[in-house]
Amino acid sequence: MSAAEVREEAPRPKRLVRFRAMTPFDVAGVAAVERSSYQFPWSEGIFRDCLRVGYLCRVAECDGEIVSYGIVAMGAGEAHILNICVSGPVRGRGVGRQMLMLLIERAAQAGTQDVFLEVRPSNLHAIALYQSVGFTEVGRRRGYYQAADGREDALVLKLSLPR
Ligand SMILES: CC(C)(COP(=O)(O)OP(=O)(O)OC[C@H]1O[C@@H](n2cnc3c(N)ncnc32)[C@H](O)[C@@H]1OP(=O)(O)O)[C@@H](O)C(=O)NCCC(=O)NCCS
């Protein structure tokens, strides 16, 4: 067996994903993940505004690249998850769940009682993730989202945190 074959067979080291606060320097990387993930993406300006108004903004990076982000508005005992996203190649490896749990943990530390979010009824992976941590459907906003063929409803999900 050649040295090259031995190297190919060696197990690949696990790539470390690091979670931290988002800064203005991350916005270009965050917006790139956003554009590759959504048909109707947020602009860089929206992410800058989220930082400016003091929303909870977190990113996950791997090898210096942004691979996930989450944004939460908090106030009056409620938290609203406005965006949570994982880059395509990194999906299905637990990063989305870790990001979601981190956002919920921070909201709980800030004294939040209820966490809300909207999700497209067609987004089955996201719905499965939210339900698995205890979110339940509490409403529906008609025509909330832009869609290729008009508008799409949003499901409103809620998670009540223990006091
Ligand atoms: C939704 C999203 C954030 C999930 O992130 P992820 O890193 O892929 O999710 P995880 O690997 O942590 O998986 C968490 C759960 O999601 C669900 N899920 C994720 N990928 C799935 C797949 N391919 N098939 C079925 N369920 C899936 C499962 O319930 C999974 O739980 P499990 O691992 O115990 O089976 C990610 O798919 C994403 O960024 N999608 C595009 C943007 C988006 O739709 N964001 C949500 C807007 S409301």
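See the structure shown above.
Anyway, here's the lowdown on the structure attached to this text. (Residues numbered from 1 in each chain as written. Predicted model: local features only at pLDDT ≥ 70, side-chain atom pairs only at ≥ 80, totals over all residues. Heavy atoms only, no water.)

**Digging into the nonpolar core**
Right, so step 1: Ranked by internal contacts, the top residues of the largest apolar core, which has 30 residues, are Ile-81, Leu-100, Leu-103, Val-119, Tyr-130 and Phe-135.
Right, so step 2: Counting residues per element, the ones that place at least two in this core are strand S2 (56–62), strand S3 (65–75), strand S4 (78–86), helix H4 (95–109), strand S5 (114–119), helix H5 (124–132) and strand S7 (150–160).
Right, so step 3: For Leu-100, the residues in contact, after removing those within four places along its chain, are Ile-81, Ile-84, Leu-129, Tyr-130, Val-133 and Phe-135.
Right, so step 4: One finds Phe-47, Cys-57, Tyr-69 and Cys-85 within the second-largest nonpolar core, a separate group that totals 12 residues. (Core = buried A, V, L, I, M, F, W, Y, C linked by side-chain atoms within 4.5 Å. Buried < 20%, exposed > 50% of the residue type's maximum accessible area, 1.4 Å probe, protein only. Helix = DSSP H or I, 4+ residues; strand = E, 2+ residues; numbered from the N terminus. Contact = heavy atoms within 4.5 Å.)

**Re the packing of aromatic side chains**
Right, so step 1: Enumeration according to the criterion identifies four aromatic pairs in this entry.
Right, so step 2: Taking 5.3 Å as the distance between ring centres and 50° as the angle between the ring planes, the aromatic pair formed by Trp-42 and Phe-47 counts as tilted.
Right, so step 3: On the basis of relative accessibility, which here comes to 23%, the residue Trp-42 falls in the partly exposed class.
Right, so step 4: Measuring from ring centre to ring centre gives 5.0 Å for Tyr-144 and Tyr-145, while their planes differ by 90°; the resulting arrangement is edge-to-face.
Right, so step 5: Each residue in the set Trp-42, Phe-47 and Tyr-69 is aromatic and connected to the rest through ring pairs, giving one cluster. (Phe/Tyr/Trp six-rings, centres within 6.5 Å; stacked < 30°, edge-to-face > 60°.)

**With respect to the site of the ligand**
Right, so step 1: Inspection of the region around the ligand gives 19 residues, with Val-86, Gly-92, Gly-94, Gly-96 and Asn-123 positioned closest.
Right, so step 2: At 2.9 Å from a nitrogen atom of the ligand is found a main-chain nitrogen or oxygen belonging to Ile-84.
Right, so step 3: Note that an oxygen atom of the ligand is positioned 2.7 Å from one of the side-chain N or O atoms of Asn-123.
Right, so step 4: Considering the ligand on its own, with 920 Å² of exposed area, one finds that the protein chains cover 69% of that surface.
Right, so step 5: Counting only elements with at least two residues in the shell around the ligand, the list comes to S4, H4, S5 and H5.
Right, so step 6: Considering each element in turn, the shell around the ligand owes the most residues, five residues, to H5.
Right, so step 7: Per-class residue counts for the shell around the ligand are 10 nonpolar, five polar and four charged. (Near = heavy atom within 4 Å. Polar contact = N/O pair within 3.5 Å; in protein donor to acceptor, adjacent residues only side chain to side chain. Areas by Shrake-Rupley, 256 points an atom, 1.4 Å probe, with all protein chains shown as cover. Nonpolar A, V, L, I, M, F, W, Y, C, P; charged D, E, K, R; others polar.)

**Quick look at the environment of Leu-129**
Right, so step 1: Structurally, Leu-129 can be placed in helix H5.
Right, so step 2: On the basis of relative accessibility, which here comes to 17%, the residue Leu-129 falls in the buried class.
Right, so step 3: Residues Leu-129 and Thr-23, spaced 106 residues apart in sequence, show a C-alpha to C-alpha distance of 26 Å.
Right, so step 4: In this structure, Leu-129 is in contact with Gly-96, Arg-97 and Leu-100, ignoring residues within four places of it in sequence.

**Observations concerning the sheet that holds strand S1 (residues 17–21)**
Right, so step 1: The strand order across the open sheet built from seven strands is S1-S2-S3-S4-S5-S7-S6, with neighbouring strands paired in mixed fashion. Looking at which strands have only one partner, the edges of the open sheet turn out to be S1 and strand S6 (136–147). Averaged over all pairs of adjacent strands, the angle between their axes in this sheet comes to 25°, without regard to strand direction.
Right, so step 2: Packed on one face of the sheet, helix H2 (residues 27–37) meets S2, S3 and S4 and runs near 95° to S3.
Right, so step 3: The sheet contacts of H5 involve S4, S5 and S7, and relative to S5 the element is tilted by about 165°. (Pairing = 2+ DSSP bridges. Axes fitted to C-alpha atoms, helices over the stretch in contact; angles between N-to-C directions.)

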